[in-house]
Structure formats: C-alpha cells, structure tokens
Amino acid sequence: MRYLPCILLTAYAGFTLACTPSATRAAAAAPDSLPRWEGLVTTADSVQLFTRIVGTGPDTVVVLHGGPGFTLDYIAPDLGPLAAHHVLLFYDQRGAGRSTLVADSAGLDAARFVDDLEAIRTHFHLDRLNLLGHSWGAGLAALYAIRFPAAIHQLIIVDGIPLRRSELIAGITAMNQSRDTAERNALQRWMDIRRAHPEDAAACLAYYRLWFRPFFNDPTALARSRGDFCAGTPASRRNKIQGVDRFTMASIGDWDWRAGLATFPARTLIIHGTVDPLPFAGAEEWAATLPNARLVALPGVGHFPYLEAPAAVFSAIDTFLAGNWPPDARRGHLAP
C-alpha cells in the first residue's frame, strides 16, 4: 500500500513526515501545529473538491464527514489526537463548503459522491483506502464499498446512518417526538428563518444548537468542540438548503445496503454510542451484516463519541489501524 506521509506530502507541502509509528500518543499536539496541506482535487465532471491533509504517521485515513451538506470543518478540528500519529485526509463533499457548489439534482446524485471519493483515491495514488465515515459519511462509505470493494483496506464507521432507510426514519421520528413543544416550535422558527435567509450564519448556528441537543448525552460536550456546523460561505449555506438537502438523500431512495455489503471483505470497525438517536440496533446490523466487522459499544454516549468519549474512541481506532481488534469489540447480532 502506498501512503501519503512518505510519497505525497513532501512534494505538495515541502515537509517530510515520519514514516514510523510514534512511540506514544502526542496527546498534547494541537491540530494547528501539525503538518498540513490544502488544495483542490478536480473530478472527471470538473467539480473541484477542497481537500485538507493534516497529521503525521505511517498510514493515511480518508475521513468522510456527515451531512450531507456539512463540511470537514465540523469534524476535522476535533480529530487532532488521531492526526498526532496518522495522516488524515479530509475533503468538503460536492455542493458544500469550499468545494464546487453543485446545485442540480443530477450533480448531487449520491453516485456522484462515490465518483468523487474514487477521484480522491486515484489523485493521491492510494492503492487501497483506510476510510472513516461519520454519520452520513457512513452512507457514502457503504455506497463506495458496494461499488469498489477491493479499493478499501480498512473501514471505520463512527455512529453511522443505518443500513436501511426505515431504521433511520424510525430513529429520527422517535427523537423528534421526544422533544417538548417549545423546542419543536423554536426549531421550526429557526428553520423558517434559514429558508428565508439561508446564508444567515447566526440562524444556522441557533438551529443546530437545538437540533443536536438530543444527540449528546453529556450537554457540555458540544461546547468542547472546535468544529463548526455552519462553516463555509453564505453561498454554500444557501446551497445546502436549496440543493444538497433536496436532492442527495432523495437520490438513494428507500435504501437497504445489506445485500450489497454481505460479502464485503475488508476489516470493519463500528463505533456507536448506545444513546445516539440513530438506533444502536442499526450499528449492530452493520456489525452482523459485514463478514469481517466488529462493534464497539459506548454506553451512555451519543452521536459524537469523539467528543463525549474521546479516549475510548481514539484508542479503539488506533488499535484497529494497527491491525488488531479493540478488546471490547464484538460481533453484532440481529434483532429477532
């Protein structure tokens, strides 16, 4: 396998990264102090993908952010402990952030997102990918794994969307029903403002502070985040509402990826908080469906485990990337 640390970043950024593992985690290393490169990758249909490469270590992990329509800025700043001894490759997916703001239904079809990930792989001459998908990023990873199974070396799913649309709808419905009337009304007011003024960053932040409240068991965890769900330009925030939110998930239809992943060969680690509104049963189905998968359950943790249980999350990922299963990883089981 070819790695960005030794082959690509020296040429792109003018620095050399270590090609041997760190003896201990550089926990104190700030993400902003680590080697970093930013640039654009152009796809076959002329979309430019804003890409950031950060970190040091012997291997490269491509990180797929959630959404769709969010940017790498909500997750990248909080993965600094991983970047201390792995190279992390992030990119804003099409239609979002600093990538080309594709706005039409054909250009925002989920199949195009798969094409983009393959363009990233080939652009950086990666033989096989280490992939980490969070939330919707797990859906993109699933679609990529179905089409390009041999292109994935190892897969990490962190609180990913379920393998079936019906399971996601059930989880979101239950979460919304658990909100009190005042909160539902406030969400609707902020959403109305966002629709009328989609470029409004303050309205965006107010909306997501309320929207993500049930996604955390620890209410202080969001305040510890260095990420930004409303990053980007006024035009990109507008495009999320008017383009990406309308077309991308709709393009997948009533998905059920179980059959397509039943023979997926790569080692897969699923990490999932037990109180995530995205049902824990969905994580167990991921682990039971993929032949070479294991599940790490995080009791009392929500949708952003790298904020609520960072030590457990980063330790599990490090162990997995080193070729071993975390001690508490187990096979999933299907609900009766």
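Structure: see above.
Here the structure is a predicted model, which means the values were calculated and not measured. (Residues numbered from 1 in each chain as written. Predicted model: local features only at pLDDT ≥ 70, side-chain atom pairs only at ≥ 80, totals over all residues. Heavy atoms only, no water.)

Enquirer: An account of the pattern of salt bridges is needed here, citing residue identities and associated values.
Expert: Per the stated rule, a full pass over the model turns up 20 salt bridges. Arg258 is paired through a salt bridge with Glu285; the nearest N and O atoms lie 3.7 Å apart. In this pair, Arg258 is assigned in helix α11 (residues 258–261) and Glu285 in helix α12 (residues 280–289), connecting sequence segments 27 residues apart. With a relative accessible area of 31%, Arg258 lands in the partly exposed category. One salt bridge in this structure joins Glu284 and Arg330, with 3.2 Å as the shortest N-O distance. Here Glu284 is found in helix α12, whereas its partner Arg330 is found in the segment after α14 (310–321), with 46 residues between them in sequence. (Salt bridge = Lys/Arg side-chain N within 4 Å of Asp/Glu carboxyl O. Helix = DSSP H or I, 4+ residues; strand = E, 2+ residues; numbered from the N terminus. Buried < 20%, exposed > 50% of the residue type's maximum accessible area, 1.4 Å probe, protein only.)

Enquirer: Describe in detail the side chain of Ser225, supporting the description with residues and values.
Expert: Tracing the chain through its elements places Ser225 in the loop between α9 (221–224) and α10 (234–252). A distance of 2.6 Å separates polar atoms of two side chains, one belonging to Ser225 and the other to Asp78. A polar atom in the side chain of Ser225 sits 2.9 Å from the backbone nitrogen of Gly227. For Ser225, the contacting residues outside a window of four places in its chain are Tyr74, Asp78 and Leu307. (Polar contact = N/O pair within 3.5 Å; in protein donor to acceptor, adjacent residues only side chain to side chain. Contact = heavy atoms within 4.5 Å.)

Enquirer: Let's hear about the sheet that holds strand β8 (residues 293–298): which residues, and what values?
Expert: Strand order in this open sheet of eight strands is β1-β2-β4-β3-β5-β6-β7-β8, and the pairing throughout is mixed. Of all the strands in the sheet, the pair left with one neighbour each is β1 (36–42) and β8. Each neighbouring strand pair of the sheet contributes to a mean axis angle of 20°, computed without reference to strand direction. Packing against the sheet, helix α5 (residues 136–147) makes contact with β3 (60–64), β4 (87–91), β5 (129–134) and β6 (152–158), and its axis sits at approximately 140° to β5. (Pairing = 2+ DSSP bridges. Axes fitted to C-alpha atoms, helices over the stretch in contact; angles between N-to-C directions.)

Enquirer: So what's going on with the side chain of Lys240? Residues and values would help.
Expert: Structurally, Lys240 is set in helix α10. Lys240 gets classed as buried once you look at its relative accessible area, which sits at 9%. With residues up to four places along the chain from it excluded, the contact list for Lys240 reads Pro68, Gly69, Phe70, Arg194, Tyr208 and Asp245.

Enquirer: I'd like to hear about the nonpolar core, residue by residue, with values.
Expert: Counting residues in hydrophobic clusters, the biggest one holds 53 residues, and the most contacted among them are Val62, Tyr91, Leu131, Trp257, Leu261 and Trp286. Counting residues per element, this core draws most heavily on α5, at eight residues. Not counting the four nearest positions on each side in its chain, Leu131 is found in contact with Val61, Val62, Leu64, Leu117, Ala141, Tyr144, Ile152, Gln154, Leu155 and Ile156. (Core = buried A, V, L, I, M, F, W, Y, C linked by side-chain atoms within 4.5 Å.)

Enquirer: Help me get a handle on helix α6 (residues 165–178), residues and values and all.
Expert: Under the 1.5 Å per step criterion, the end-to-end length of α6 is 20 Å for 14 residues, consistent within 8% with the ideal 20 Å. Those residues of α6 that are buried are in contact with α8 (201–211) and α10. (Expected span 1.5 Å × (residues − 1).)

Enquirer: I'd like to hear about the packing of aromatic side chains, residue by residue, with values.
Expert: Following the criterion strictly, the structure yields 21 aromatic pairs and no others. With centroids separated by 6.3 Å and ring planes inclined at 45°, the aromatic side chains of Phe70 and Phe212 adopt a geometry described as tilted. In this pair, Phe70 sits in the loop between β3 and α3 (80–83) while Phe212 sits in the loop between α8 and α9, placing the two residues 142 residues apart along the sequence. Between Phe212 and Phe215, the aromatic rings sit 5.2 Å apart at their centres with planes inclined by 75°, giving edge-to-face as the arrangement. Of the two residues, Phe212 and Phe215, both sit in the buried class. Residue placement shows Arg194 over the ring face of Tyr207; its charged tip is 4.8 Å from the ring centre. The lysine or arginine in question, Arg294, covers the ring of Trp325, its NZ or CZ lying 5.0 Å from the ring centre. (Phe/Tyr/Trp six-rings, centres within 6.5 Å; stacked < 30°, edge-to-face > 60°. Lys NZ or Arg CZ within 6 Å of the ring centre and 35° of its normal.)

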